[in-house]
Amino acid sequence: MRVAGKLHWLHVLATGLLTWVGIHPNRGKQTLDAFGLLVAFVGMLVHDGWKPYRDLACTHALCNAHHLRELTYLFEEMEQTWAKHLIEMLIVAYHEVAATGGPLTTERITYFRALYWESIAAGEAANLRVPPSGKRGRTRQTKATNLLQRLRTYADDVLRFMTDHGVQQPRRAGRAHA
């Protein structure tokens, strides 16, 4: 948003009881430090995967609404069927968790994790990483490759909703959603 004609970032934290909104000209770690709200947070932080959150000493869960938007784009616009399979798995697992009112059984978690890894493998087979260019810095990858890397690296955080029912409801007390 613009403040006095200059671009600023709007930051939001929400629980079941409170919503905090802050405006800052920066978006990085220095902003989190300046606000001072999350530096001592030890609960479950549901977030979009923004890198500075990883430095926080809390339990992380990734917001699958963000993943579903990215996967929908990959399926609808890029015709990547692995993305559709992963969308279906996440939605079915979400509804099972909601229906049971708590974490899934070990058998169901194992089943959904197998489907998850099948989709990731299919996606990686369809979206090979671009080899290093030899130039300084990271070599630019496709949107699909970047998403697949995040889904692989942070799989436990993506699937945490199956083992911790509170992840589905980020506005419950004791949970923060950034």
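Novice: Can you tell me about the overall build of the chain, naming the residues and giving the values?
Specialist: Of the regular secondary structure elements, the chain holds six helices and seven strands. Listing the helices and strands of the chain from first to last along the sequence gives β-β-β-β-α-β-β-α-α-α-α-α-β. Buried positions account for 38% of the 178 residues belonging to the chain. Relative to all contacts within the chain whose residues are 6 or more apart in sequence, the contacts with residues 24 or more apart total 49%. Counting only carbon and sulfur atoms, one obtains 56% of the accessible surface of the chain, whose full area is about 10700 Å².

Novice: Lay out the packing of aromatic side chains with the relevant residues and their values.
Specialist: Each aromatic ring pair is summarised here by two numbers: the centre-to-centre distance and the angle between the ring planes. Taken as a whole and judged by the stated rule, the model has four aromatic pairs. A centroid spacing of 5.3 Å and a plane angle of 90 degrees characterise the contact between Tyr-116 and Trp-117, whose relative ring orientation is edge-to-face. In this arrangement the basic side chain of Arg-27 is found over the ring face of Trp-9, its NZ or CZ atom lying 5.0 Å from the centre.

Novice: Tell me about the environment of Trp-9, and name the residues and values.
Specialist: For Trp-9, the location among the structural elements is in strand 3 (residues 9-14). Residue classification places Trp-9 among the partly exposed residues on the basis of a relative accessible area of 38%. Separated by 81 residues in the primary sequence, Trp-9 and Leu-90 place their C-alpha atoms 30 Å from one another. Residue contacts for Trp-9: discarding those within four places in its chain leaves Gly-22, Ile-23, His-24, Pro-25, Asn-26 and Arg-27.

Novice: Tell me about the environment of Ala-93, and please be specific about residues and values.
Specialist: If you trace the backbone, Ala-93 turns up in helix 3 (residues 81-100). Residue classification places Ala-93 among the buried positions, given a relative accessible area of 0%. If we ignore the near neighbours within four places in the chain, the residues touching Ala-93 are Leu-104, Phe-112, Phe-161 and Met-162.

Novice: Lay out the confidence of the model for the chain with the relevant residues and their values.
Specialist: Residues of the chain with pLDDT of at least 70 account for 94%, and the chain-wide mean is 90. Scored below 50 in pLDDT, residues 169-175 shows 25 contacts in the model against residues more than four places distant or in partner chains.

Novice: Quick one: what's the story with the side chain of Asn-127, residue by residue and with numbers?
Specialist: Inspection of the secondary structure puts Asn-127 in the loop between helix 4 (106-126) and helix 5 (143-153). At 2.9 Å, the side chain of Asn-127 forms a polar contact with the backbone oxygen of Gly-123. Ignoring any residue separated from it by four or fewer positions in sequence, one finds Asn-127 in contact with Gln-80, Trp-82, Thr-142, Ala-144, Thr-145 and Leu-148.

Novice: Which residues make up the pairing of strand 4 (residues 19-24), and what are the values?
Specialist: Note that strand 3 and strand 4 share six bridges and pair antiparallel. Each bridged residue has a counterpart across the sheet, and for Ala-14 the counterpart in strand 4 is Thr-19. Taking the residues that link successive antiparallel strands as the turn, the strand 3-strand 4 hairpin has four residues.

About the thresholds
Each chain has its residues counted from 1, following the order in which its sequence is written. Whole-chain, interface and lining totals are the exception, using all residues; otherwise, since this is a predicted model, local features are given only for residues with pLDDT of at least 70 and side-chain atom pairs are given and counted only at 80 or more. Side-chain calculation: all heavy atoms of the structure are included, whereas hydrogens and water are not. Starting at the N terminus, helices and strands are each numbered in turn, a helix being any DSSP run of H or I of at least four residues and a strand any DSSP run of E of at least two. Whether a residue is buried, partly exposed or exposed follows from its accessible area with a 1.4 Å probe, protein chains only, as a fraction of its type maximum: under 20%, in between, or over 50%, in that order. Residues count as neighbours in contact if any of their non-hydrogen atoms are within 4.5 Å of one another. Note on areas: Shrake-Rupley with a 1.4 Å probe; residue coverage comes only from the protein chains shown. Stacked, tilted and edge-to-face pairs are distinguished by plane angle, under 30 degrees for stacked and over 60 for edge-to-face with tilted covering the rest, among Phe, Tyr and Trp rings (Trp via its six-membered ring) whose centres lie within 6.5 Å. Look at NZ for Lys and CZ for Arg. If either is within 6 Å of the ring centre and within 35 degrees of the ring normal, a charge sits over the ring. Known as pLDDT, the predictor's per-residue confidence is scaled from 0 to 100. By the criterion applied in these results, polar contacts are pairs of N or O atoms within 3.5 Å in which, for protein atoms, one can donate a hydrogen and the other can accept it, and in which residues neighboring in sequence qualify only through two side-chain atoms. Pairs of strands are assigned from DSSP output, requiring at least two bridges between the strands.

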